[in-house]
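Reading the structure
Chain by chain, the residues:
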Amino acid sequence: MALILALDFGGTKLAAAMTNLGSREWLRYERCFSPANADAKTDLEMMRSLIYALLQDTKPAAIGVSFGGPVDFTTGTVRLSHHVAGWKNIVLKQLLEAEFGVPASVDNDANIAALGEHRFGAGQGYDSLFYITVSTGIGGGWILNSKPWRGTAGMAGEIGHVVVNPDGPVCLCGKRGCVERLASGPYMAQDAREILFKEPAKLQGQRGKILTELVNNDLDLITGKVVSEAAVKGDELALNILHGGAWALGVGIGNVANLINPQRFILGGSVTKSGADWWSVVQKTAHETALPEIDFDIVPATLGDDAPLWGAVALAEFAL
């Protein structure tokens, strides 16, 4: 039975898994978090360790790779990572094929996750869908006419850098008010920290009180997950930030619906676990932004955190 090796280079974590061709279950699975000061060399060394822990003297027939950043799919070259230093024009496909002697395919994580959900998850039976990952960053992947659509230079789907508030805060990309700047986990955490540093919770009444209690008053420990937890517990500051992110994402989705008109939007990533209130704001805003004649639905990814890995499996199968 042919073995498929699936790899996922994320912004904060690395994962690797192996399955048999045609199977829907992992044979083996390994995951680890990247250190705070990780760079491309660190990521590659850690991923090699995961791979060899998986292989155990076996050899894959093909390798599929999901990468959290822009990728030239035709050459398998990682253009850069917005979150991990050193990933600039790294020929990842070539490196893997040279070491393991089998075909390797590399694509952007959102494209890969879209392929995974279309093949194995919430996109089964749909010939047009847009997958959006809402996590460390925000990106999108297209399936049109039941095939991946990457755009001329492989940059299609970058909904994270759609501007929804031109007067908003500056994003990592240099523009103001991008969806990613308002709706991604790290940026929501950054906004919470900045507000609390300027105006401590004790001066705001109940605003931020729960948020600061969750981190024992150490504001450096605030993450997107903590903001979500505080919002669920009713913290007004956390709710405002979370709703602002959900609004920004909803505006982006509504505009995409107007422009391309896919049947389904599938949302995955850690921020999508923020609760029913977050989902309600996204849904309401998206449908208010889109034209009333446009019909679409917005659903959670069913493959969860494994969507990029299952997409990598589907990508690898194309090489066999």
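Since the model is a prediction, treat every value here as computed from it, not as a measurement.

The subject of this paragraph is helix α3 (residues 109–120). Taking 1.5 Å as the rise per residue, α3 with twelve residues should run 16 Å; its terminal C-alpha atoms sit 16 Å apart, in good agreement. Counting buried residues along α3, eleven of its twelve residues qualify, which places the element largely inside the surrounding structure. Three or more residues of α3 are buried, namely Asp109, Ala110, Asn111, Ile112, Ala113, Ala114, Leu115, Gly116, Glu117, His118 and Phe120.

As far as domains go, the chain holds domain 1 (3–121 + 304–317) and domain 2 (132–300). A separation of 25 Å is found between the C-alpha centroids of domain 1 and domain 2. Taken together, the contact pairs 18 residues of domain 1 with 20 residues of domain 2. For the pair domain 1 and domain 2, the summed buried area comes to about 1500 Å², and 55% of that belongs to carbon and sulfur atoms. When the buried surface of domain 1 facing domain 2 is broken down by residue, His83, Asn111 and His118 rank first, second and third, together holding 28% of it. At the surface where domain 1 touches domain 2, the tally comes to two salt bridges. Here Lys273 makes a salt bridge to Asp305, at a shortest N to O gap of 3.3 Å. For the pair domain 1 and domain 2, the interface holds three residue pairs in polar contact (both at pLDDT 80 or more). Listing elements by their share of the side of domain 1 that touches domain 2, those giving two or more residues are β7 (104–108) and α3. For the side of domain 1 that touches domain 2, the leading source of residues is α3, giving seven residues. Split by residue class, the side of domain 1 that touches domain 2 holds seven nonpolar, six polar and five charged.

Turning next to the environment of Pro103. Here Pro103 lies in the loop between α2 (92–100) and β7. In sequence terms Pro103 and Ala319 are 216 residues apart; their C-alpha atoms lie 6.6 Å from each other. Setting aside chain neighbours within four positions, we find Pro103 in contact with Ala61, Ala62, Ile63, Glu97 and Ala319.

Turning next to the sheet that holds strand β12 (residues 297–300). Overall, mixed pairing links the five strands, which are arranged β10-β9-β8-β11-β12 in an open sheet. Sheet topology places β10 (147–149) and β12 at the edges, where each strand pairs with a single neighbour. Direction aside, the axes of adjacent strands within the sheet are offset by 25° on average. The sheet strands contacting α3 are β8 (128–134), β9 (138–144), β10 and β11 (264–268), and the helix crosses β9 at an angle near 45°.

How each quantity is defined
- Residues numbered from 1 in each chain as written.
- Predicted model: local features only at pLDDT ≥ 70, side-chain atom pairs only at ≥ 80, totals over all residues.
- Heavy atoms only, no water.
- Helix = DSSP H or I, 4+ residues; strand = E, 2+ residues; numbered from the N terminus.
- Expected span 1.5 Å × (residues − 1).
- Buried < 20%, exposed > 50% of the residue type's maximum accessible area, 1.4 Å probe, protein only.
- Domains from an automatic or database assignment.
- Contact = heavy atoms within 4.5 Å.
- Buried area = accessible area lost by both parts, 1.4 Å probe.
- Salt bridge = Lys/Arg side-chain N within 4 Å of Asp/Glu carboxyl O.
- Polar contact = N/O pair within 3.5 Å; in protein donor to acceptor, adjacent residues only side chain to side chain.
- Nonpolar A, V, L, I, M, F, W, Y, C, P; charged D, E, K, R; others polar.
- Pairing = 2+ DSSP bridges.
- Axes fitted to C-alpha atoms, helices over the stretch in contact; angles between N-to-C directions.

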